[in-house]
Amino acid sequence: MKSAAFEYARASSIAEVCDWLRKGGDETKLIAGGQSLVPMMAMRLTRPARLVDINEIAALKFVALEKDYARIGACTRQCVVAADNALAKQVPLIRQALSWVGHSQTRNRGTVGGSLVHADPAAELPLAAQVLDAQLLLRSHAGSRIVGAAEFFEGPLATVTRADECLEEIRWPVWTEKRSGSAFTEVSRRHGDFALVAAAAQIALDADGRCTRAAFGLAGGGSIPMAFPALAAQLVGSTLDDDAINSVTHDAATALDPGGDLHASPGYRKQLAAVLAARMLRAARDEALKQ
Amino acid sequence: MEKLYPITVEVNGKQRAAQVPARLSLVDWLRDELRLTGTHVGCEHGICGACSIMLDGDPVRSCLMFAVQADGHRVTTVEGLLQADGKLSVLQDSFCEAHGLQCGYCTPGMLISSQALLDKTPNPSEEQIRDAIGGNLCRCTGYKQIVDAVKLAAQRLAAKK
Ligand code: FES
Ligand code: FES
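Residues numbered from 1 in each chain as written. Chains lettered and ligands numbered in written order. Predicted model: local features only at pLDDT ≥ 70, side-chain atom pairs only at ≥ 80, totals over all residues. Heavy atoms only, no water.

### Description of the domain arrangement of chain A
- Domain boundaries in chain A define domain 1 (7-53), domain 2 (58-173) and domain 3 (180-289).
- Between the C-alpha centres of domain 1 of chain A and domain 3 of chain A the distance comes to 35 Å. (Domains from an automatic or database assignment.)

In structure tokens:
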């Protein structure tokens, strides 16, 4: 359980990170909180030749609230983000998701960007990013580009980030509707474990309680967290009664292709997915109705 | 020879300088080089919490950090919780009093997590206590007495003020 040997460099700026990645992107791995990377190195599932430490780069640690987006620096600690009340008001789903992530010791170290680029299919933050279609700013020595969450995740532990690119910030869309609500839940063996299935939803309502915008997604049901924009769009105009909700969540669960293991069979996971997604849509609706 | 990196870390109030290979974990440095064996190491991959230490005042898992990453930072281990005269801290004494330990394997991690909680939240609810130690596995106590011990420590600390 000891890592293989590697070289270490502490970067002090984003430009320096890009420089390291340009020189040796393939053998170089960035380390942020290390809460997933270090166990993988200890188990020798990965053996990077060089680690570039981005923990001391102040420019990667911020929460900035703008009208349409909440911007979060990639290396911002999960504990800092979870404690941010102004952010929780603008994009409540982030705090709701974080309440299921790891434990205080791992959230003190783990970062928002690290969780996204690690892209565990059952992780909470990637699911929240999918549901809200967060925009990810990737930077390399050659420039920067913005990728939506819908294109970002490619497979288990795989994203479209190129070997010479790093994640710089995440822009979370703010829903400005007066009446909106969101909800996140999961079923796992123990609180803080990765989810067997996780579900998240966000809803906006008009004055009469009719749905004007909806988003929902599921994690643990396949190789990446999934959002269902086409199904969510079917909810617009409805009052989000049980029939409307159950029909889309049934279709979403049917579209999943979960694996089975000793914790849960594929059938059980699908069943959970339908139940949890419906529950979260109702919870988000009820939250919106209160406003 | 593996390349060595110079580090200076404040450990329990003392500046400690060393040359370490990059892959040396923080917990191995503390235990094997500094001989601070109070911090335990169980799983070595971030599951059990036995290796919890405070990094700049916040509890983290020292098996999930490399010693070289701690350069320039402040580390508190369970040894650092003792009072200046070498007596057990209020929290440590409360663990004894409330039978908050049996084999003691989890205890250093439990102490670090709950001390960090009490530092920020002097009067924690049961839920806050359980959340703070949620990442620390104990195979002996069933957690009940540990929660009691933290509550007792909070009461004693409040009475002292
Ligand atoms: S030894 Fe670090 S969490 Fe188990
Ligand atoms: S006292 Fe034995 S593991 Fe907690």
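Having seen the model, we can carry on.
### A word on the nonpolar core
- If you look at the biggest cluster of nonpolar residues, it comprises 41 residues, and the most contacted ones within it are Val-91, Ile-94, Val-112, Leu-116, Ile-170, Trp-172 and Phe-184 of chain A.
- Sorting elements by how many residues they give to this core places helix α8 (residues 124-132) of chain A first, with six residues.
- When we break this core down by domain, the ones giving at least three residues each are domain 2 (58-173) and domain 3 (180-289) of chain A.
- Among the nonpolar cores identified, the runner-up in size contains 33 residues, and Tyr-8 of chain A together with Leu-34, Cys-51 and Phe-66 of chain B belong to it. (Core = buried A, V, L, I, M, F, W, Y, C linked by side-chain atoms within 4.5 Å. Buried < 20%, exposed > 50% of the residue type's maximum accessible area, 1.4 Å probe, protein only. Helix = DSSP H or I, 4+ residues; strand = E, 2+ residues; numbered from the N terminus.)

### Brief notes about the sheet that holds strand β14 (residues 226-227) of chain A
All names here are of chain A.
- If you trace the four strands from one edge of the open sheet to the other, you get β11-β12-β13-β14, paired in antiparallel fashion. Strand pairing shows two members of the sheet lacking a second neighbour, β11 (179-187) and β14, which therefore form its edges.
- As judged from the two bridges shared by strand β13 (residues 211-219) and β14, these two strands associate in the antiparallel manner. By the bridge assignment, Leu-218 is partnered in β14 with Met-226.
- Against the sheet, α8 touches β11, β12 (197-205), β13 and β14, its axis set at about 150° to β13. (Pairing = 2+ DSSP bridges. Contact = heavy atoms within 4.5 Å. Axes fitted to C-alpha atoms, helices over the stretch in contact; angles between N-to-C directions.)

### Notes on the packing of helix α2 (residues 90-97) of chain B against helix α5 (residues 144-160) of chain B
All names here are of chain B.
- Following both chains from N to C, one finds α2 and α5 inclined at 135°, their axes separated by 8 Å at the closest point. Taken together, the axes of α2 and α5 are oblique relative to one another. As α2 runs across α5, the sense of the crossing is right-handed. Residue-level contacts link Val-90, Leu-91, Asp-93, Ser-94, Phe-95 and Glu-97 of α2 to Ile-146, Ala-149, Val-150, Leu-152, Ala-153, Arg-156, Leu-157 and Lys-160 of α5. (Parallel < 35°, antiparallel > 145°, perpendicular 65-115°, else oblique. Left-handed = near helix turned anticlockwise from the far one by under 90°.)

### Structural notes on the pairing of strand β10 (residues 166-173) of chain A
Residues and elements named next belong to chain A.
- With seven of eight residues buried, β10 is to be regarded as a mostly interior element.
- Where strand β5 (residues 69-73) and β10 come together, five bridges link them in antiparallel fashion. Within the sheet, the bridge partner assigned to Arg-71 lies in β10 and is Arg-171.
- In terms of strand pairing, strand β6 (residues 135-140) meets β10 through five bridges, oriented antiparallel. Counterpart to Gln-135 in the pairing with β10 is Arg-171.

### Focus on a nonpolar patch on the surface
- There is a patch of nonpolar side chains on the surface, built from Met-1, Met-43 and Leu-45 of chain A and spanning about 300 Å² of accessible area.
- When you line up the elements, Met-43 of chain A lands in the loop between α2 (37-42) and β3 (50-53). (Patch = residues over 30% accessible without salt bridge, like charges linked within 9 Å, V, L, I, M, F, W, Y side chains within 5 Å. Areas by Shrake-Rupley, 256 points an atom, 1.4 Å probe, with all protein chains shown as cover. Salt bridge = Lys/Arg side-chain N within 4 Å of Asp/Glu carboxyl O.)

### Some points on the layout of surface pockets
- In this model, the second largest pocket occupies a volume close to 620 Å³.
- Taken together, 21 residues line the second largest pocket, and the ones lying closest to its centre are Ser-104, Arg-107 and Asn-108 of chain A together with Leu-117 and Asp-131 of chain B.
- Mapped onto the lining of the second largest pocket, the elements with two or more residues apiece are α3 (78-82) and α6 (104-107) of chain A together with β4 (58-61), α3 (107-120) and α4 (126-132) of chain B.
- Here the lining of the second largest pocket takes five residues from α3 of chain B, the largest share from any one element.
- Class assignment for the residues of the lining of the second largest pocket results in eight nonpolar, eight polar and five charged. (1 Å grid on protein atoms, 1.4 Å probe; cavity = no way out; pocket = protein on both sides within 12 Å on 5 of 7 lines; lining within 4 Å. Points joined across faces, edges and corners; volume = space filled by probe spheres on them. Nonpolar A, V, L, I, M, F, W, Y, C, P; charged D, E, K, R; others polar.)

### A short note on the pairing of strand β7 (residues 143-148) of chain A
All names here are of chain A.
- Pairing of β6 with β7 involves six bridges; the strand directions are antiparallel. For Ser-140, the partnering residue across the bridge sits in β7 and is Gly-143.
- Between β6 and the antiparallel strand that follows it, β7, lie two residues.

### Here we look at the pattern of salt bridges
- The full count for this structure, using the stated rule, is 27 salt bridges over all chains.
- When the shortest N-O distance is used, the salt bridge between Glu-126 of chain B and Lys-151 of chain B registers 2.8 Å. Taken together, the residues Glu-126 of chain B in helix α4 and Lys-151 of chain B in helix α5 connect sequence positions 25 residues apart.
- Within this structure, Glu-66, Arg-71, Glu-169 and Arg-171 of chain A form a network of salt bridges that share partners.

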